[in-house]
Amino acid sequence: MREAHAHLFQLGRSLTMLDCSGCDSRQALLELVGSCNESLAKNDWVLAHSARPESWPDPHWPTRQELDHASDGRAVCVWCFDYHSMAASTAALDHAKITSDTIIGRGVIELDSDGSPTGVLYEHAALHLWSSVPEPDAAHRRAFVLSACLHLKELGYTEVHDLKAQPWLGQVVSDLHTSSQIDQRFKLYPLTKDLGETLATADQWESDHLTLAGTKIFTDGSLNSRTAWMLDPYTDTKTTGTPMMSPQEIDEAMLISKRHNLPVAAHAIGDAAVRAVLDSIERTNCTDMNARIEHAELIHPDDIQRFAQLGVIASIQPCHLLPDIETLHAGLADRLDRVLPMRALIDAGLVPGESLIFGSDVPIVRADHEDSIQAAVHRRRVNMPKSESIGIDQALTIEESLTCFNAH
Ligand SMILES: [Zn+2]
């Protein structure tokens, strides 16, 4: 099978981080953070992922003071499951030099009623803090990538696409291949801003089973944080989300990539983001070159036909639907029939496995293909009544879904 949307380094690293997916309250999260105190040195960081505060009875992140207390004052950062927000302790904020006066473009530093940071960070503010966490050394990087590849192999994936490949990733994967520790095929999509650095070494590591396949851009945020960019306002927040790139910036990225004969893979979750990418592909004449739209959770009916017309690949992670069902009901109740319109895309000419492809976005969700099959075929979680299905008219068959994973 092919896993068309993974993040190898992050997956490997997340396998060593605290997993908060089992925490059903703020208290449970704080207890989990505290449970590592005895095994950690004073200056060690506590890194955690997969918290889901909006699913808790009291849907609020712990404050930085609560994290300070639970961790004996360590630097703590806890990612939300979708990696668009996080809660950080005072030591972590101090390390990243984040204060109440800090301004980070396209990021939010939440403040309490006294005007001091609560520790909750959104979008680029969370990324800013994350980039200040001490970097693993080369040996750890290699170990993380290896454990991610072996994890995906175990799940049956013989081809893996990395959708935010670091400039060093190609060499690491190549070395692991050379030493026969892995045997899968890989396609790498570095960020457009990292393309130059990646190209500088590509001839040293590209091979039949490992290629630089395109570049990645982020045009909007996520549904959960209401930063996915919508044509019409969310029904609950009345906002339309957050475009992460202007049309000009998208065009520039398309043209930089095209100059190297590489397609762009564009993260676009909301229907406004999807439309902005399709418009740019048309304007920059990047048609029929395997440009990809990643996620495409909401597509306006007027844009469905444009995928096939412009030769654009829909790279979808149906598994996201399963944890998103409550969010979809809360924020997009008036347009649930437009969520992941895969049947309409096929009717309009997309071909399962070729121009309609599946991945998981691991480690944001687990990579088990059964989750995406469940979402694509039943459009709801296993234990839910049929009436809870989201856009059941857009359901695929099991065979079609497996074909989207290139399963043989
Ligand atoms: Zn991703």
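Residues numbered from 1 in each chain as written. Predicted model: local features only at pLDDT ≥ 70, side-chain atom pairs only at ≥ 80, totals over all residues. Heavy atoms only, no water.

A.B. asks: Hey, could you run me through the pattern of salt bridges in this one?
C.D. replies: When charged atoms on two side chains of opposite charge get close, those side chains can pair. One pass over the structure, following the stated rule, counts 19 salt bridges. Put simply, Asp303 and Arg275 hold a salt bridge, and the shortest N to O gap is 2.9 Å. Remark: Arg275 occurs in helix H10 (residues 271-283) and Asp303 occurs in helix H11 (residues 301-310); sequence separation between them is 28 residues. Here Asp303 falls in the buried class, since its relative accessible area comes to 2%. (Salt bridge = Lys/Arg side-chain N within 4 Å of Asp/Glu carboxyl O. Helix = DSSP H or I, 4+ residues; strand = E, 2+ residues; numbered from the N terminus. Buried < 20%, exposed > 50% of the residue type's maximum accessible area, 1.4 Å probe, protein only.)

A.B. asks: Looking at this structure, how should I read the packing of helix H9 (residues 247-259) against H10?
C.D. replies: Packed helices, taken two at a time, are described by their axes: the angle between them and the distance between them. Running from N to C, H9 and H10 cross one another at 50 degrees; their axes reach a closest spacing of 9 Å. Taken as axis vectors, H9 and H10 run oblique relative to one another. Handedness of the crossing formed by H9 with H10: right-handed. Packed against H9, whose contacting residues are Pro247, Ile250, Asp251 and Met254, the element H10 presents Ala276, Val277, Ser280, Ile281 and Arg283 at the interface. Residues of the contact of H9 with H10, tallied by class, amount to 6 nonpolar, 1 polar and 2 charged. (Axes fitted to C-alpha atoms, helices over the stretch in contact; angles between N-to-C directions. Parallel < 35°, antiparallel > 145°, perpendicular 65-115°, else oblique. Left-handed = near helix turned anticlockwise from the far one by under 90°. Contact = heavy atoms within 4.5 Å. Nonpolar A, V, L, I, M, F, W, Y, C, P; charged D, E, K, R; others polar.)

A.B. asks: Whenever I open this one, unusual backbone geometry confuses me. Can you help?
C.D. replies: Negative phi characterises most residues that are not glycine, and trans characterises most peptide bonds. Note that the residue after Val362, namely Pro363, is joined by a cis bond; omega there is 15 degrees. Turning to its location among the elements, Pro363 is positioned in the loop between strand S15 (356-358) and helix H14 (369-378). A positive phi angle is found at Lys97, which is not glycine, with a value near 55 degrees.

A.B. asks: Please explain the sheet that holds strand S1 (residues 2-6) as it appears in this structure.
C.D. replies: Across a sheet, paired strands are connected by hydrogen bonds in the backbone, their directions being either parallel or antiparallel. Spatial strand order, S1-S8-S9-S10: 4 strands in an open sheet with parallel pairing. This sheet does not close on itself; its edge strands, each paired only once, are S1 and strand S10 (210-212). Strand-to-strand twist across the sheet, computed as the mean angle between neighbouring axes with direction ignored, equals 15 degrees. With 3 bridges joining them, S1 and strand S8 (residues 159-162) adopt parallel strand pairing. Of the residues in S8, the one forming a bridge with Arg2 is Glu159. Against the sheet, helix H7 (residues 169-178) contacts S8, strand S9 (185-188) and S10, and its axis sits at roughly 175 degrees relative to S9. (Pairing = 2+ DSSP bridges.)

A.B. asks: Which parts of the structure should I look at to understand the domain arrangement of the protein?
C.D. replies: Interfaces are often described in size by the accessible area the parts lose on coming together. As far as domains go, the protein holds domain 1 (2-9 + 138-404) and domain 2 (11-132). If you average the C-alpha positions of domain 1 and of domain 2, the two centres end up 26 Å apart. Each side of the interface is counted separately: domain 1 has 21 residues, and domain 2 has 16 residues. At the boundary of domain 1 with domain 2, total buried surface from both sides reaches about 1,600 Å², with 61% on carbon and sulfur atoms. At the boundary of domain 1 and domain 2, one finds 1 salt bridge. (Domains from an automatic or database assignment. Buried area = accessible area lost by both parts, 1.4 Å probe.)

A.B. asks: How do you make sense of the environment of Ala265 when you look at a structure like this?
C.D. replies: Locating Ala265 in the fold gives a position in strand S12 (residues 264-268). For the pair formed by Ala265 and Thr192, sequence separation is 73 residues and the distance between their alpha carbons is 9.7 Å.

A.B. asks: I would appreciate a short explanation of the nonpolar core in the present structure.
C.D. replies: As a rule of thumb, nonpolar side chains are buried together in soluble globular proteins. If you look at the biggest cluster of nonpolar residues, it comprises 87 residues, and the most contacted ones within it are Leu152, Phe186, Ile293, Phe307, Leu345, Leu356 and Phe358. For this core, the element with the highest residue contribution is H10, accounting for 7 residues. Setting aside residues up to four positions removed in sequence, Phe307 forms contacts with Val274, Leu278, Ile293, Ile299, Val312, Ala314, Leu345 and Leu350. One finds Cys77, Leu93, Ile109 and Ala126 within the second-largest nonpolar core, a separate group that totals 24 residues. (Core = buried A, V, L, I, M, F, W, Y, C linked by side-chain atoms within 4.5 Å.)

A.B. asks: Any chance you could explain the coordination of the zinc ion here in plain terms?
C.D. replies: The expected angle between donors at a tetrahedral four-coordinate metal is 109.5 degrees. At an octahedral six-coordinate metal it is 90 or 180 degrees. With distances of 2.1 Å, the protein atoms coordinating the zinc ion are His5 (NE2), His7 (NE2) and Asp361 (OD). When the donor residues of the zinc ion are listed from N- to C-terminus, their spacing reads H-x1-H-x353-D. Neither residue differs from the other here; His5 and His7 are each classed as buried. (Donors = N, O, S within 2.8 Å, 3.2 Å for Na, K, Ca; no water.)

A.B. asks: So what exactly am I meant to see when it comes to helix H8 (residues 195-205) here?
C.D. replies: For an α-helix the count is 3.6 residues per turn, leaving residues at separations of three or four pointing the same way. Within H8 the residues assigned to the buried category are Leu195, Thr198, Ala202 and Trp205. The buried residues of H8 all sit within an arc of 80 degrees when viewed along its axis, so they share a single face. Across from the buried face of H8, at angles greater than 90 degrees, the exposed residues are Glu197, Ala200, Asp203 and Gln204. Packed against the buried residues of H8 are H7, S9, S10, strand S11 (215-218) and H9. (Arc of directions from axis to C-beta.)

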